[in-house]
Amino acid sequence: MMAEAGAGGPRLAELLALGRRLWDELEASTEPSSGAPAVQDKVRQGLDALQRAAAMVAQLELFSENEELEEIASADLKFMLLPALLGALTLKQVDLSRRREHLENAREHFLRFLKLCRNYGLGSFQLPPSTSGEEEAGTPPAPRDPAQPNLVAMAMSRTAKIERYKQKKELENKLASMSSFVESGTADEDQIREFYILQIQKWIGTSLEEIESIDQELVILKSRDAAKQAPAGPRGPSRPVRTPIKPFILTRDAAQARVFGAGYPGLPTMTVDDWYEQRRKQGIVFQQGFGEPASPPCPSPPAGASDEELQKQQQEKEEEEEDEEALQKARAWDDWKDTHPRGYGNRHNMG
């Protein structure tokens, strides 16, 4: 195994190093947008290098389902990261028209990496289901009770996330303390082997988190696509078109209408007197008031009228005069409100 890797090793190691370096640069980039040309150019270069390296690994058959972790050379362990790095770079693509395709491809890369790690006994985790819906080996069957499994699944997912977060922090601390020895070339083979295994374990947690996020986004995209393809439902009967009513604004008198206008360009103005006269002609309002028929004029008392009849006529005349006086007061009060704002003269509770 080591000899085969060594024959194509330098070229393969260079491709992996290039892809890993571009990934690190993208993670540390300060570009304001992931769709910037410089960013997407690095994504394309990184994907090209990693895809070529993955093809060489498959050709060399570096990894097999029938071997143990101890049989893999320490220098070859780092090539196990190729599927995870391919998945991470695939997610960096920003073509919205192919977003669903990129998500599905990235998920397949992450799942391939997790299966490889599972075969070699690296990490203790449960494989996510494949997109084809087939059950993975070792996954427990779904319970029949629809109420119980949801609560259990939520509790298990939360516990797993907390545990993965703790492990991620521990792995990052160990990798930070060991990276200087490995990069400087002073680390021995055991340290190099431990360093690569720690990197693989770190990417296991990252792959599980990315697959969970991908599944959530795929659900949204599928729902959106289904809504677009759904035929439009039958519409209800259209409402009859109503003839628009010509608006008008009432003003108190013609002088006010000339000064203030209607308030809106092109709207006609009608005074109260004009409106009242129009309604009176239509037989809706009589001269006495709004909607109240005027009392007929009191006939002059016939000759020889009794005192009771004269008293009744005098009372009716007085009531008419009182009504006229009340109407004049109401009009005076309306005129006063037109020239005095609301609250005028109120000085209570003011400093």
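All values reported here derive from a predicted model rather than from experimental measurement. (Residues numbered from 1 in each chain as written. Predicted model: local features only at pLDDT ≥ 70, side-chain atom pairs only at ≥ 80, totals over all residues. Heavy atoms only, no water.)

So, the overall build of the chain
Here is the rule: For the purposes of this entry, the term helix denotes a DSSP run of H or I that reaches at least four residues, the term strand denotes a run of E that reaches at least two, and both are numbered from the N terminus. Only protein chains enter the accessibility calculation, which uses a 1.4 Å probe; a residue whose area is less than 20% of its type maximum is buried, one above 50% is exposed, and one in between is partly exposed. Residue contacts are counted whenever heavy atoms from the two residues lie within 4.5 Å of one another. Here, Shrake-Rupley sampling with a 1.4 Å probe gives the accessible areas, and only protein chains in the shown set may cover a residue.
Each helix and strand in the chain was counted, giving 9 helices and 2 strands. Counting from the amino terminus, the chain carries its helices and strands in the arrangement α-α-α-α-α-α-β-α-β-α-α. Classification of the 351 residues of the chain by burial places 28% in the buried group. Relative to all contacts within the chain whose residues are 6 or more apart in sequence, the contacts with residues 24 or more apart total 60%. As displayed, the chain offers around 25100 Å² of accessible surface, 52% of which is attributable to carbon and sulfur atoms.

Remarks on unusual backbone geometry
One non-glycine residue, Glu61, lies in the positive phi region at around 55 degrees. A relative accessible area of 58% means that Glu61 is categorised as exposed.

Quick notes on the nonpolar core
Generally speaking, soluble globular proteins have nonpolar side chains that are buried together. Definition in use: Remark: nonpolar core denotes a set of buried residues (Ala, Val, Leu, Ile, Met, Phe, Trp, Tyr, Cys) joined through side-chain atoms within 4.5 Å.
Grouped together as the largest cluster of nonpolar side chains are 57 residues, with contacts concentrated most on Phe63, Met80, Phe113, Leu122 and Ile204. Each residue touching Phe63, except ones within four places of it in the same chain, is listed here: Val57, Ile72, Asp76, Phe79, Met80, Leu116 and Tyr120.

Some words on the pattern of salt bridges
The criterion, for reference: The rule for a salt bridge is simple: a side-chain nitrogen of Lys or Arg has to be within 4 Å of a carboxyl oxygen of Asp or Glu.
The final tally for this structure, using the stated rule, is 16 salt bridges. For Arg100, the salt bridge is made with Asp225, and the minimal N-O distance between the two is 3.3 Å. Of this pair, Arg100 sits in helix α4 (residues 99-119) while Asp225 is found in helix α6 (residues 189-229), placing the two residues 125 residues apart along the sequence. Note on Arg100: relative accessible area 32%, which makes it partly exposed.

A short note on helix α3 (residues 82-90)
Judged by how many residues are buried, α3 sits mostly within the fold: 9 of 9 residues are covered. Taken together, the buried positions of α3 are Leu82, Pro83, Ala84, Leu85, Leu86, Gly87, Ala88, Leu89 and Thr90.

Describing the side chain of Arg193
Quick note on the threshold: His is not counted here, nor are the chain ends, while Lys and Arg score as positive and Asp and Glu score as negative.
Turning to its location among the elements, Arg193 is positioned in helix α6. For the buried Arg193, no salt bridge exists, and the shortest N-O distance to an oppositely charged side chain is 5.5 Å, to Glu189. Apart from residues no more than four positions distant in its own chain, Arg193 is found in contact with Leu69, Glu70, Ile72, Ala73, Ser74 and Leu77.

Some words on the packing of aromatic side chains
Where we set the bar: In this analysis, rings of Phe, Tyr and Trp, with Trp reduced to its six-membered ring, are considered paired at centre separations within 6.5 Å, and the interplanar angle assigns stacked below 30 degrees, edge-to-face beyond 60, and tilted for intermediate values.
Inspection of every chain in the model, using the stated rule, returns 3 aromatic pairs. Taking 6.4 Å as the distance between ring centres and 75 degrees as the angle between the ring planes, the aromatic pair formed by Phe63 and Tyr120 counts as edge-to-face. Of this pair, Phe63 sits in the loop between α2 (37-60) and α3 while Tyr120 sits in the loop between α4 and α5 (148-184), placing them 57 residues apart in sequence. Assigned by exposure class, Phe63 and Tyr120 land together as buried. Plain terms: the ring middles of Phe195 and Tyr196 are 5.9 Å apart, the flat faces sit at 55 degrees to each other, and that makes the pair tilted. Overall, Phe195 belongs to the buried group, its relative accessible area being 8%.

Structural notes on the environment of Ser179
Note the following rule: Pairs of N or O atoms are called polar contacts if they sit within 3.5 Å, as long as, within protein, a hydrogen donor faces a hydrogen acceptor (for residues adjacent in sequence, only side-chain-to-side-chain pairs).
Checked against the element boundaries, Ser179 lands in helix α5. Between the C-alpha atom of Ser179 and that of Gln191, which follows or precedes it by 12 residues, the distance is 9.9 Å. A polar atom in the side chain of Ser179 sits 3.3 Å from the backbone oxygen of Ala176.

A word on the environment of Lys78
Note that Lys78 resides in the loop between α2 and α3. Considered as a pair, Lys78 and Ile200 are 122 residues apart in the sequence and their alpha carbons are 7.9 Å apart. In this structure, Lys78 is in contact with Leu16 and Tyr196, ignoring residues within four places of it in sequence. From its side chain, Lys78 meets the backbone oxygen of Ala75 in a polar contact 2.6 Å long.

Remarks on the confidence of the model for the chain
Defined as follows: For every residue, the pLDDT score states the predictor's confidence, bounded by 0 at the bottom and 100 at the top.
Of all residues in the chain, 70% attain a pLDDT of 70 or more, and the chain-wide mean is 78. Confidence, read as mean pLDDT per element, is least for strand β1 (residues 249-251) in the chain (57) and greatest for α3 (97). Segment residues 1-9: pLDDT under 50, and 12 contacts once partners within four positions in sequence are set aside and those in other chains are kept. A low-confidence stretch, residues 134-147 (pLDDT under 50), is modelled with 9 contacts involving residues beyond four sequence positions or located in other chains.

Looking at the side chain of Gln40
Tracing the backbone shows Gln40 in helix α2. Among all residues touching Gln40, those that are not within four sequence positions of it are Ser34, Gly35, Lys92, Gln93 and Val94.

Some details on the environment of Ile192
Structurally, the position occupied by Ile192 is in helix α6. Overall, Ile192 belongs to the partly exposed group, its relative accessible area being 25%.

Considerations on a negative patch on the surface
Applied cut-off: Two joining distances apply to patches: 9 Å for like charges and 5 Å for nonpolar side chains (Val, Leu, Ile, Met, Phe, Trp, Tyr), and every residue must have over 30% relative accessible area and no salt bridge. Taken as the charge location is NZ of Lys, CZ of Arg, CG of Asp or CD of Glu.
Together, Glu316, Glu318, Glu319, Glu320, Glu321, Glu322, Asp323 and Glu324 make up a negatively charged patch on the protein surface. Structurally, Glu320 can be placed in helix α9 (residues 307-339). On the accessibility criterion, Glu320 (38% relative accessible area) is partly exposed.

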